[in-house]
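# Architecture and fold: a report
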Amino acid sequence: MTRANMIVLGLLLPVLGFSEWVKVDDFQSYQPDLLPMQANGWMAADAKVSQVTVCADTLAAGNQAARLHRQNETKLGEHDILFQTGALAIELGKTGTVFLRFLIESGLDKSLGSTRGETPVEPIHVKIAVTEQRLHAGNPRVGVLIQGKESVLTGFGKMRTEGKPLPVRRNRWYRLWLVVDNRPADAGGLSKAFLQEEGVSGEPVEVRCAMESSSSYQPGMLTGVGVLKARDNGLTDLFVDDVFVDNRGSNLIDPLKSGSVMGWREKLLEESKQYAHLLKKPDTRDEAEKQAAKLVEAMKPAERFSLVCGDGHLGLPAFMRLGIPGINFTDASSGINNGNGPVGSRHARTVAHPCTLLLAATWNTELAKAYGQAIGEECHSGGTHVLLGPGMNLYRVSAGGRNFEYMGEDPVLTGNLVENYVRGLQSAGTGATLKHFIANEIEFHRRGSNSQMDERTLHEVYMEPFRKGVEAGAFAVMTSYNQLNGEWAGQSRFVNTDLLRDTLGFRGISMTDWISTYDGVKLAQSGTDLEMPGGGALKKDREKVFGTPDIDRMARRIVAACIFAGFYERPQRDERVEKKRPEWEQTATRVNEEGIVLLKNSGALPLARQQAGKKILVAGNFAQRVELGGDGSGHVKGYNLKTYTQTLKEYFADADVSCVEKPEDAQIRSADWVVLFTGFAGEGEGRDTRFVLPDDELITKCTELNPKTVVCVTSGCGVRMEWADKAVAILYVMFGGQSGPAALADVLTGIVNPSGRLPFTIENRIEDSPGFAVLDPKPDKDRPFATDYIGSYVKGEYFASDDKKSYYVHNVQYSEGVFIGHRWYESKKIPVRYPFGFGLGYTAFAYENLKVDVKGQKATVSFTLKNIGKRPGAEVAQVYVSDKVCSVPRPPQELKAFQKIHIEPGNSQRVEIELGSEAFRFWNSATKKWTIEPGEFEIHVGASSADIRLKEAVRVTD
Ligand code: BGC
């Protein structure tokens, strides 16, 4: 191609409309060496293309740049930029778009500086990335990062053709042209001498690249073809003049047919054939591990390294040479988070399910399975292989910002639900990730906390849900941000090997939480397999870990898990599954109907739908919000969204329903009903709540001025309810997702008889709670930790000194030990507002004739349950075990089993529940084993932890 042609091409389709720029000082600490390893596997493996890297999604980077820019954080320190850079680097490979690193001479600096109104100081590298993100919106973006010796500019712009947005579609090939500048040096081009110095032989040439969507990835597609050409021309560093997408003619341009690829694709396809048999899902994990060993053996060291560093923000890289496709992750907790990273291009919109805390409130294991299956199928429909959930830390502190993402305070309730959730999810061909392992119960400076607990507590309480998830065959486990007893979970051998592998017998992938590890050597030796996202610590210590048996072992585990899950032998995306959406939505509705907890009802509910001439005042800060779920990873978008107010207007069509978020006294007084919808706006990941609702005063006022005030709390956290006695009814609705408001209205009006039970205790005062002490943590000044990896966006998540120069670990003492939740309140005899396991319905149940049949260390508990009310309804029968004499302190009672039973009015049912030996054991720290001390136990059966209806003493023998 002649120079004239190149310039013409460059003019044809101008691309980068930079809208946002950020200037960051002091960029020297940035390690350009990171870049080669960002490449997709087969690229990274080739030293000759070490200047090239394949990029997935720079939108995150672009957004990040824009956000920083908006916040006017233009003076960021060296650590800030690491994430920024990381975002670019991290996002590599996912959608198979091309990311190049180019040398630039200072001439460009002036032109950019003048046109953009910024003056970067001696830029030396330009990195350009094009993303297919949000292509469904026809709105591809280009992210750019210009790295200077002392500064960096980042920005992103929309791709345009002839001034119009580019109608790019998903799953199509496009040709991306990078035009090499060969203008003479005095005209701003690269000088020949300069090129020679850089080892470039011959004239610079056109570079062509192609991008694809990884979700449509099939072995045989190729990215980065232009890179190869560049390499073949001896160009290692290029000056980029412009970037544009050629979408003329068919959108299905196969770059390989464009003549520039030199048969590389065919070569790769040919090569990959020899590994095809190793990609097939075998019957056993042992077999999968053997296949993985062979595949990893065939990988180049750089490919293995690139695998264990993950690919992009949410995924694993593809290795075309071996026929291995890229693997997509998606965030979780209220269904599929489709607004995070490249996921957006896979799932434009997903069902907003109720949060997992609400699932826990159903106490229904079958429903947990259906919920998992619905989400698993939806993942499948959009090409997501791995869901980053379920979250299963425990509700230890009412203020915990992510409580909504977990399943309450009890290890057995959580464990049983997790087990079923995982089975349901994985039955649909989607991998589950149990998170966050371990002891991650608060959000307060979550990346700088050290959870301290004894071994017994660890095994009996916090590991229990993970044990059940592992037993269910979970694909992955995600470690936590915090330290456990002094070491970061993601790089702790104790956590990853002793606990996870040796004690729980986990054989899947152990991945770190996002940017949670600091020492690559420790990490590699800890038993962790995957450092997400992008392998920051591993790359920092690359020289020490690259090519080691540790990396090989990590790679083997990842590959084995993927083979065993069947991810390499079939395309994950199956759009036909999408037709099941009505079923998923029904499941979401059922979870709401069975999970919403009626805490108080002074006879006012159910409300008749006919309220002709009556005034219903809808109030509170959530009355008009569509609060589908908590913020952060658990964020969802959902379908057919309605506010509570809109919904009530529909349900009470003949009433005068009006909404005033903060009503005046007169409005409150004159209403026939006040229905308050309240919560903590912005509850979610990275911050804790305050126990006292922002509407607390308003609620007090309404309950005082109007005796017919119904309060509906939308939160995953317990709240202060000093107004409880005066409210006519209280409902804990948590985050119900898209079907939440309608389900609530069904409960209010009695269309649905509520059967949710609190999966946590609501205390009177936060000071009463066992976790209260951690709410005011002091940093441990003796234990500062490295500041090098602190990204700007997570600053608030670290415990920083006043000058923000040092970061400290703060201790979170689990000093209550195994006395979590109701166990604490019961042992200390502290009265609570609403006990664990509590919830009302519109009918009542009687418990009779308890019989406990003990055989050695197992028991069968049976009793008769009768619906003595007038409506059909469901009861959650709870079985607690009390160890009467034990050599270690034991809680007054521990939940060991439960069953949800639906019974018609007047009918009764004999219920039979099995207790295994787990029901009687405790963790013996001296012997490091589970122990059952034979002797007297008591079996409690009841409707909540505080409402035990039947008791029987039993003897457990050896
Ligand atoms: C969260 C995880 C989440 C991950 C990926 C982290 O900040 O703690 O729960 O899965 O990000 O988005």
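Another point: the overall build of the chain. Across its full length, the chain holds 27 helices and 41 strands. A burial count over the chain gives 65% of its 958 residues as buried. A fraction of 77% describes how many contacts in the chain between residues 6 or more apart in sequence connect residues 24 or more apart. Summing over all exposed atoms, the chain offers an accessible surface of approximately 32,700 Å²; the carbon and sulfur share of this is 48%.

Think of a sheet as strands paired side by side through backbone hydrogen bonds, with each pair either parallel or antiparallel. Reading across the sheet, the three strands line up as E13-E14-E15 and stay open at both edges, with mixed pairing between neighbours. Every other strand in the sheet has two partners, leaving strand E13 (315–316) and strand E15 (386–388) as the edge strands with one partner each.

Here the focus is the site of the ligand. Every one of the 13 residues lining the ligand counts as a neighbour, but Asp331, Arg402, His436, Tyr481 and Asp513 are closest to it. A distance of 3.3 Å separates an oxygen atom of the ligand from a polar atom in the side chain of Arg446. Between the ligand and Glu685 there is a distance of 2.9 Å, counted from an oxygen atom to a side-chain nitrogen or oxygen. In isolation the ligand offers 310 Å² of accessible surface; the protein chains occlude 96% of this area. Each residue belonging to the shell around the ligand can be placed in one class, and the counts come to four nonpolar, three polar and six charged.

Mapped onto the secondary structure, Phe772 falls in the loop between strand E28 (762–763) and strand E29 (779–785). For the pair Phe772 and Val397, spaced 375 residues apart in sequence, the C-alpha to C-alpha distance is 6.7 Å. If near-sequence neighbours (up to four positions away) are discounted, Phe772 is found in contact with Ile766 and Glu767.

The next point concerns the confidence of the model for the chain. In this model, the chain carries an average pLDDT of 75, and 69% of its residues clear a pLDDT of 70 or more. Every residue in residues 1–265 scores below 50 in pLDDT, and together they form 616 contacts with partners more than four places removed in sequence or on other chains. Between residues 340–345, whose pLDDT stays under 50, and residues either more than four places distant or in other chains, the model counts 26 contacts.

Another point: helix H13 (residues 365–382). With 18 residues, H13 extends 26 Å between its outermost C-alpha atoms, agreeing within 8% with the 26 Å of an ideal straight helix rising 1.5 Å per residue. Taken across its 18 residues, H13 has 13 buried, putting it largely inside the fold. Its side-chain oxygen placed 3.0 Å from the backbone nitrogen of Glu366, Asn364 serves as the N-cap of H13. Just past H13, the residue Gly383 takes up positive phi, approximately 90°.

Our focus in this paragraph is the nonpolar core. Ile375, Leu387, Tyr421, Leu434, Phe437, Tyr462 and Leu484 are the most contacted members of the largest nonpolar core, which has 58 residues in total. Excluding residues that lie within four positions of it along the chain, Leu484 makes contacts with Ile438, Ala439, Asn450, Ser451, Met453, Leu458, Phe494, Val495 and Leu499. Listed in part, the 45 residues of the second largest apolar core include Cys309, Ile509, Leu523 and Cys562.

The subject of this paragraph is the sheet that holds strand E36 (residues 894–903). Strand order in this open sheet of four strands is E36-E35-E40-E41, and the pairing throughout is antiparallel. One side of each edge strand has no neighbouring strand; the edge strands of this open sheet are E36 and strand E41 (947–956). Neighbour to neighbour, the strand axes of the sheet diverge by 20° on average, direction disregarded. Sheet topology places strand E40 (residues 935–944) next to E41; nine bridges connect them, and they run antiparallel.

We now examine unusual backbone geometry. Going from Lys435 to His436, the amide bond is cis rather than trans, its omega being 0°. Looking at the secondary structure, you find His436 in strand E16 (residues 433–437). Following Phe437, the chain continues to Ile438 via a peptide bond in cis, the omega torsion being 20°. Mapped onto the secondary structure, Ile438 falls in the loop between E16 and strand E17 (449–452). For Lys928, which is not a glycine, the phi torsion comes out positive at approximately 55°. By the secondary structure assignment, Lys928 is in the loop between strand E38 (922–924) and strand E39 (929–931).

Thresholds applied
- Here the residue index of a chain counts from 1 through its sequence in written order.
- In view of the model being predicted, local features appear only for residues whose pLDDT reaches at least 70, and side-chain atom pairs are presented and counted only at 80 or more, with totals across whole chains, interfaces and linings using the full set of residues.
- With hydrogens and water excluded, all non-hydrogen atoms of the structure serve as input to the side-chain values.
- Each helix is a run of H or I in the DSSP string that is no shorter than four residues. Each strand is a run of E no shorter than two, and both are numbered from the N terminus.
- Relative accessibility thresholds used throughout: buried, under 20% of the residue-type maximum; exposed, over 50%; partly exposed, between the two (1.4 Å probe, protein chains only).
- Here, residues are in contact when the closest pair of their heavy atoms is within 4.5 Å.
- Residue-level accessible areas treat just the shown protein chains as cover; the underlying method is Shrake-Rupley with a 1.4 Å probe.
- Whether two strands pair depends on DSSP finding at least two bridges between them.
- Nearness is defined per residue: one heavy atom within 4 Å of the molecule or strand is enough.
- Under this definition, polar contacts are N or O atom pairs within 3.5 Å; protein pairs additionally need one hydrogen-donor-capable and one acceptor-capable atom, and for neighbouring residues in sequence, both atoms have to be side-chain atoms.
- Residue polarity follows a fixed list, in which Ala, Val, Leu, Ile, Met, Phe, Trp, Tyr, Cys and Pro are nonpolar, Asp, Glu, Lys and Arg are charged, and the others, Gly among them, are polar.
- Every residue is assigned a pLDDT by the predictor, reflecting its confidence on a scale from 0 to 100.
- What a helix should span is 1.5 Å times the count of its residues minus one.
- Working definition of a nonpolar core: buried Ala, Val, Leu, Ile, Met, Phe, Trp, Tyr and Cys residues. They are joined through side-chain atoms within 4.5 Å.
- Comment: axis = line fitted to C-alpha atoms, over the contacting stretch for helices; angle = value between 0 and 180 degrees taken between N-to-C directions.

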